[in-house]
Each structure stands twice: as structure tokens, then as C-alpha cells.
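Each chain, written out:
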Amino acid sequence: MNIPKSSFPRVVIIGGGFAGINFARKIANKNVQVVLIDKRNYHTFQPLLYQVSSAGLEPDSIAYPLRKILKNHKNTFFRLAEVESINSEKNEITTSIGNISYDYLVIATGTKTNYFGNKSIETYGMPMKKVPQALNIRSLILQNFEQAAITNDKENRKALLNFVIVGGGPTGVELAGAIAELKNHILPRDYRDLIPEDMQIYLLEGSPRVLPTMSKHASKKAAQFLTKLGVLVHCNTFVENYDGKKVLTNLSLELQSETLIWAAGVTGNPVEGLRADILIDRANRYKVNEYNQVEGYNNIFALGDICLMQTDAYPNGHPQVAQPAIQQGELLGKNLIKLIEGKPLKKFKYKDKGSMATVGRNKAVVDLKHFRFAGFFAWFVWMFVHLMALVGFRNRIIVFFNWGYNYINFDKAARLIIRPFNKLN
Ligand SMILES: Cc1cc2nc3c(=O)[nH]c(=O)nc-3n(C[C@H](O)[C@H](O)[C@H](O)COP(=O)(O)OP(=O)(O)OC[C@H]3O[C@@H](n4cnc5c(N)ncnc54)[C@H](O)[C@@H]3O)c2cc1C
């Protein structure tokens, strides 16, 4: 791996997501040697992936090079590699580019898409967890429009223009709203040979309401906003099978569709090698104590989505969103230095800053601790929070400019099929 020997303890971080980079920032230029390993050379701002999928933003405005984030961290090395396993007895990990030893290991590998064992959805559905997957969705939507414009077969045109989004959490709601904007503003202008009414967007949610983790007020408002945009919302609806053409659900609803976007769940993305019993069933998350130390290991820590810290306030662990990952990363950065210096550590206490989701071009819902609101002002708050949270000044400026341009012109500038998506069927 070509990492020089150092007299300082070596801290290896697996994963440059929200948790990994915030931890790395906190231990920058301290008396440790840091090695950050990620299978991608960039950090992904996942909350805006849906805008890449729906042609609102280019991927480079929501991704940021990890080496650039670390450029002033003199004690930090980055290696582009996939971590394959951990050997806790030897204090060593195996990666796609070789082995490396550690004094302290920080696992921040996030989550992966959860298909709940449904092979048909895994085979034919479109996940949206990574930049390449978001680009696949963008290509498929635009390819479907092109195909629909040339087909004389009415049924086939309908299937090409039926978009089924599964999962009514923030991701599904935001994506449904953005695709509805494509239908309402882009289709009539760019595809004059298509009838916008032929295009339908279905949002299927298994629980009784969309945004089930937010307040009832937010759910109600989001459903209203979606309906106004023309999205067909079906709650209490589970997809049972999808063969690439037809969606079968638990109810009598059957849909002909060439596109099923799967936004219905994630599961932890652990690395092989640690004891199996420290992974919580189904969630696949490492059990950690209030210092993010993995149960049974003194020098291994887990942060963010991959860890599960049971506290009185959060008996099932913290929500798998950006804030716990950021806050845990920052605290562990301080705590690890204290641990090395033999000082007492501080316990993690999550500060819930609220949750929000946007619906279309000027509506959003926001839940704060003592206050909830929806509509245009909420959308403004949503935009501000997301702009500020983006990594990199350049990305903030580009996104701000794009949103302003799109808002004034009712446009989506990134309608490009750069890398055509090949469907399996
Ligand atoms: C589509 C989508 C929308 C979302 N919207 C929101 C939102 O609006 N608000 C919000 O708060 N949260 C949102 N989230 C959740 C939020 O993105 C996560 O909670 C957050 O990213 C967790 O941070 P993390 O550091 O734990 O993991 P991640 O950010 O997922 O980072 C994990 C990193 O580990 C790397 N990695 C994984 N395995 C390996 C390996 N074996 N070897 C090397 N590298 C590896 C990955 O490449 C990645 O860089 C969204 C998530 C998705 C998928």
C-alpha cells in the first residue's frame, strides 16, 4: 500500500461517507497516522442523488474527491480500494490492493440496498444508492421517452411512460415529485410527439402513509402535494413480483411498467471478519457502546449507518440519516485522541436537528422538535439546509446556480443520455 512507517499510532478508516470524513477532519494533523480507504475516490452527497436521477443536477455537483477533502491533512493518506476482510487477532485488514495493519480501526461503510430477499426486484428493479445507479435511472427515463416517441403500440407506450417508485420515505417522495416535474414541464416542451397524460408516476408505500418516519402532518401535506403534481400514491401496497414488464402487488393493483425504482430500504454493509453475533439481525449493523466501540473489541469502532447504539432515547438505534453519522464521526475524532492520551471519554448524545423532504419545485415538509411546517417556506429551508450541507464551495455554487436556473426556466438542464442503460429484458 506504500504507507510509510510512523512513530504515531495508525488509525485506519474504512469509508469516506459522512461519518468517515467528519471523523478524519477531527483527527487531522494530530499525533496519529491516518489511512482512509474507500472503494470510490469521491464522497457522495446521497440526499441529492434523486436530482441526478431526474436530470436536475450533474453528478459532479453532488460528489467530491476524497483526496481534495484531505489535502491539508498532513498526517492522512488515502487509498482507493475495497476492504475485503478484517483480522482482529492480527490487527490487520485485507483489501483489493493488499493488507494493512492498524492500531485503531474505524468502520464507516454505511448501508446497501435491501431487497428483502425478493430476487425479481433485485434483478429488474432500479436501485438508487450510488452515483452510477442514479445515472442509470436518468438514462432509462430519457431512453423510455425516446422509445415512447417512436412506438405505435399503445400498450408498449403506456408501459414505457409508467414510472413505478417503490418506497414512500423521503427518497421515494422526492424522486416522485421530481419525475412529476419532468412530466409537467419538460415532456410538453421537448417531446411534443408525446401526450403528457400518457405518462403516469406511481408511488407505492407499504405502510398506511407516505413519510412514515415523519409526523402525520408532514405525511398528509406530502401526499397532498404529490397528488397535486399528478403522482398516484398507493399506501398499504407491497410489490410482490416484477418481471421487468409487470408489477404485481399484494392488492389488486397490477401495473405495466418498464421502470421500477426501488427506494424501499437499506441494510448495513458490514465487512467480513468480526464475530457474527455483534451484527444485529436484519439491520446488519454492528452493536456499539456509547463511545462507538464495537462490542467485544477495544480498538475497533463503527460509525454512522453501519452501527447500532442502543440508548434509552433510541432503543432501536439512531435513524440511518446523515446527522448521527456526522455527529458520531466528530465525537469519535475527539474521543480517540483522548483515549490515546489516557483521558476520560465523552458519551455520544444525539442532537436531533429535525427532518425534511421536498416535493416538486417549490414545496417541502419540515419537522422540527417543537414545530412543523409545510409549503413554500419549508422548501426554502430545505434548499438552504441542503446547500450548506454539500461538501465543497464549488459544489454549493453550481447547485445554487442550477436550482435558480431551473426554477426560473421550469427546466432541468442535465437531460443527457451519456451512458445508455442496457435493460436486462
Ligand atoms: C438516496 C438516498 C437519499 C438520502 N437522503 C437523505 C436525506 O435527505 N437526509 C439525510 O439525513 N440522510 C439521507 N440519506 C441517508 C444518508 O445518506 C446516510 O445516513 C449517510 O450517508 C450515512 O453516512 P455513513 O458515513 O454512515 O455512510 P455512507 O455515506 O453511505 O458512506 C459509506 C462509504 O463507505 C464506502 N465503503 C463501503 N463499503 C466499503 C468497503 N468494503 N471498502 C471500501 N469502502 C467501502 C462507500 O464507498 C462510501 O463512501 C439518504 C440516503 C440515500 C441512499
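Just so it is clear, the structure is predicted and the values come from calculations on it, not from any experiment.

Asker: For this particular structure, what's the right way to read helix α10 (residues 376–389)?
Answerer: Residues spaced three or four apart along an α-helix point in a common direction, a consequence of the helix completing one turn every 3.6 residues. Its 14 residues place the ends of α10 20 Å apart at the C-alpha level, agreeing with the 20 Å of an ideal helix rising 1.5 Å per residue. Listed as buried for α10 are A378, W379, W382, M383, H386 and L387. Considered in projection along α10, the buried side chains sweep an arc of 165 degrees and stay on one side of the axis. Opposite its buried face, α10 presents the exposed residues F377 and F384, each directed more than 90 degrees away. Where the residues of α10 are buried, they touch α2 (49–53), α7 (170–190), β24 (355–358), β25 (364–367), β26 (372–375) and α11 (393–409).

Asker: Hey, could you run me through the nonpolar core in this one?
Answerer: As a rule of thumb, nonpolar side chains are buried together in soluble globular proteins. Counting residues in hydrophobic clusters, the biggest one holds 89 residues, and the most contacted among them are F23, L48 and F145. I14, V35, A81 and V294 belong to the second largest nonpolar core, which has 28 residues in total.

Asker: Would you mind going over unusual backbone geometry with me for this structure?
Answerer: Excluding glycine, a negative phi dihedral is what most residues carry, and trans is how most peptide bonds are arranged. With a phi angle near 55 degrees, N236 is a residue other than glycine that sits in the positive phi range. With respect to the helices, strands and loops of the structure, N236 is situated in the loop between β14 (231–234) and β15 (239–242). On the basis of relative accessibility, which here comes to 40%, the residue N236 falls in the partly exposed class. With a phi close to 60 degrees, N284 is a non-glycine residue in the positive phi region. Checked against the element boundaries, N284 lands in the loop between β20 (279–280) and β21 (285–288).

Asker: What exactly am I supposed to notice about the packing of aromatic side chains here?
Answerer: Centre distance and the angle of the planes are the two values used to describe a pair of aromatic rings. For the structure shown, the criterion picks out 13 aromatic pairs. Ring centres of F145 and F163 lie 6.1 Å apart, and the angle between their planes is 90 degrees; on these two criteria the pair is classed as edge-to-face. Linking F145 in helix α5 (residues 131–150) with F163 in strand β12 (residues 162–166), this pair joins segments that are 18 residues apart in sequence. Judged on exposure class, the residue F145 and its partner F163 are both buried. Relative to F377, the ring of F373 has its centre 5.5 Å away and its plane inclined at 35 degrees; by these criteria the two rings are tilted. Taken together, the ring pairs connect F376, W379, F380 and Y407 into an aromatic cluster. Geometry around Y407 places R361 over its ring, the cationic atom sitting 4.2 Å from the centre. Its end group placed over the ring of F410, R361 keeps NZ or CZ at 3.8 Å from the ring centre.

What counts and how
- Residues numbered from 1 in each chain as written.
- Predicted model: local features only at pLDDT ≥ 70, side-chain atom pairs only at ≥ 80, totals over all residues.
- Heavy atoms only, no water.
- Helix = DSSP H or I, 4+ residues; strand = E, 2+ residues; numbered from the N terminus.
- Expected span 1.5 Å × (residues − 1).
- Buried < 20%, exposed > 50% of the residue type's maximum accessible area, 1.4 Å probe, protein only.
- Arc of directions from axis to C-beta.
- Contact = heavy atoms within 4.5 Å.
- Core = buried A, V, L, I, M, F, W, Y, C linked by side-chain atoms within 4.5 Å.
- Phe/Tyr/Trp six-rings, centres within 6.5 Å; stacked < 30°, edge-to-face > 60°.
- Lys NZ or Arg CZ within 6 Å of the ring centre and 35° of its normal.

Treat this as a map of the structure, not an account of what it does.
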